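If you want the building blocks of each chain, they are given just below.
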Amino acid sequence: MADIRKQALAVCLAAAFMAGLDVSIVNVALPSIREGLHASEAGLQWILSGYALTFGLLLVPAGRLGDARSRRTVFMWGVGLFTLASAACGIAATMPVLIVARLLQGLAAGLINPQVSGLIQQMFRGAERGRAFGALGATIGVSTAAGPLIGGALVSAFGADHGWRLVFLVNVPIGLVLVPLAYRLLPRPERGSGHRESMDPVGVLLLGLGVTVLLLPFIQQHQWPGAGKWLLVPVSLGLLAGFVAWERRYRREPLVNLALFGVRSYGLGTAIALLYFAGFTGIFFIFTLYLQAGLHYSPLMAGLSITPFAVGSACAALVGGRLVNRAGRRVVVAGLVTVVAGLLATMGATLLVPGPDVALATALPLLVAGVGSGLTIAPNQAVTLSEVPPSGGGSAAGVLQTGQRLGSSIGIAAAGSLFFGALGQGWPVAFRHGLTVVVLFVCAALAAALYDLLRRP
């Protein structure tokens, strides 16, 4: 039984790696896509942001669907759709086809991710659950940080014409293997547990519209000139307020159990995730721009320069997963303090070594920041979901991951704004301006974690 659970966990982690990888792997392939498909700036932006938008859009409904029906079935459909969409991206002959396929890829990732967390909740208890979430945290950290390295290696090895296509096509053989393995290894719904409650279509619509309208001005920040786009933010808040009001009055089982936010570990954990991902994702965006556009690094060298963060994150996440069952939120606080220290050292390194050797100067600070990240993501997820019953694990994880996607979009927009606004003062100065925003977001996450720790009996 234990061996089957470990094999099932491996299937889940492989799918989570595949979905997480496509958040960042495309960054270094954008110049090749622009050249190969004669893409506009707006088209390139949609390749990046469209994935994040549809990814975030489906997390909560997909989590609820897995809870109410069958996590295994939803997982398999998600992996199958992701595989087909990746193939369509890889053979796309025009930008509209590539953008549509990329949107479908994001929808598939949104189907997959809540099932992974829900299945971990279902299969593991106690210290085993902490270790499983540690492995998931390592997977998320490595996939996000290793994306530029793998993408850079593919573009460098196969050239600008074919390398960017392989960035997408690399998912196809993985997906073809995962679908039959998932059918054989993932737990089937228990008899009598596949309850057929309403999927709360009104709640799905209100939440989907609210999340979409909130994300659009951040995603399209540079494509929609003027300040009018920010009027969408209060519109989105009105839609989300309507969603909350509907959920409170919905007589059947709601899409989101709002009572969860009354549990401090869940409410604060979701806030920590949102704030941390606002900083965490922005690091790769501005650092890759600095290295490739400012210092003319090749895609492969830019990816290698971020590898220390990935290595530190992977190693520390496994350790954090083992510690969290004993130390709880203290692991998250230690991780966030370490991230802040590593990022401040990174900022200092770019000040002392602003030239082509900046990758060597920032290697150790990024390793330290990566270690802190590994001690943050997985332990925070484990603590946040610790008081959630397994029957609602997918939906609760979907809300948590929606917060992460919102944070990522907001953080990239905020860091990018200061980065591009300071380019007139030079690339090193612009990078430090963007990194200042990242540090502030991480400090806000640290404040929330300290509040939770100090209030905990």
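What comes next concerns the included structure. All values reported here derive from a predicted model rather than from experimental measurement.

1. Side note on the packing of helix H4 (residues 71-91) against helix H5 (residues 95-123)
And step 1. Running from N to C, H4 and H5 cross one another at 155 degrees; their axes reach a closest spacing of 8 Å. Of the possible angle classes, the one that applies to H4 and H5 is roughly antiparallel. In this structure, H4 meets H5 at a crossing whose hand is left-handed.
And step 2. For the contact of H4 with H5, a count of residues per class yields 17 nonpolar, 6 polar and 2 charged.

2. What to know about helix H10 (residues 264-294)
And step 1. Helix length check: H10 (31 residues) gives 44 Å between terminal C-alpha atoms against 45 Å at 1.5 Å per residue, within 8%.
And step 2. Phenylalanine 277 marks where H10 bends most, by close to 25 degrees.
And step 3. Taking burial as the measure, the 31 residues of H10 include 25 buried ones, the bulk of the element.
And step 4. The first or second residue beyond H10 is histidine 296, which carries a positive phi of 60 degrees.

3. Examining the packing of aromatic side chains
And step 1. Going through the model one piece at a time under the given rule, you end up with 11 aromatic pairs.
And step 2. With a centroid separation of 5.7 Å and 80 degrees between ring planes, the pair formed by tyrosine 51 and phenylalanine 55 is classed as edge-to-face. Of the two residues, tyrosine 51 and phenylalanine 55 are both situated in helix H3 (residues 41-68); the distance of 4 residues between them amounts to about one turn of the helix.
And step 3. Centroid distance tyrosine 276 to phenylalanine 280: 5.6 Å. Interplanar angle 20 degrees. Geometry classified as stacked. Separated by 4 residues within a single helix, tyrosine 276 and phenylalanine 280 lie in helix H10, roughly one turn from each other.
And step 4. Grouped by ring-pair contacts, the aromatic residues Tyr276, Phe277, Phe280 and Phe309 constitute a single cluster.

4. Some words on the environment of threonine 270
And step 1. Position of threonine 270 relative to the elements: it lies in helix H10.
And step 2. Classification of threonine 270 by relative accessible area gives buried; the value is 9%.
And step 3. Sequence separation between threonine 270 and isoleucine 412 is 142 residues; the distance between their C-alpha atoms is 19 Å.
And step 4. Beyond its immediate stretch of four places on either side in the chain, threonine 270 contacts Phe261, Thr384, Val399 and Leu400.

Conventions used here
- Residues numbered from 1 in each chain as written.
- Predicted model: local features only at pLDDT ≥ 70, side-chain atom pairs only at ≥ 80, totals over all residues.
- Heavy atoms only, no water.
- Axes fitted to C-alpha atoms, helices over the stretch in contact; angles between N-to-C directions.
- Helix = DSSP H or I, 4+ residues; strand = E, 2+ residues; numbered from the N terminus.
- Parallel < 35°, antiparallel > 145°, perpendicular 65-115°, else oblique.
- Left-handed = near helix turned anticlockwise from the far one by under 90°.
- Nonpolar A, V, L, I, M, F, W, Y, C, P; charged D, E, K, R; others polar.
- Expected span 1.5 Å × (residues − 1).
- Bend = angle between axes of the 7 residues up to and from the residue.
- Buried < 20%, exposed > 50% of the residue type's maximum accessible area, 1.4 Å probe, protein only.
- Phe/Tyr/Trp six-rings, centres within 6.5 Å; stacked < 30°, edge-to-face > 60°.
- Contact = heavy atoms within 4.5 Å.

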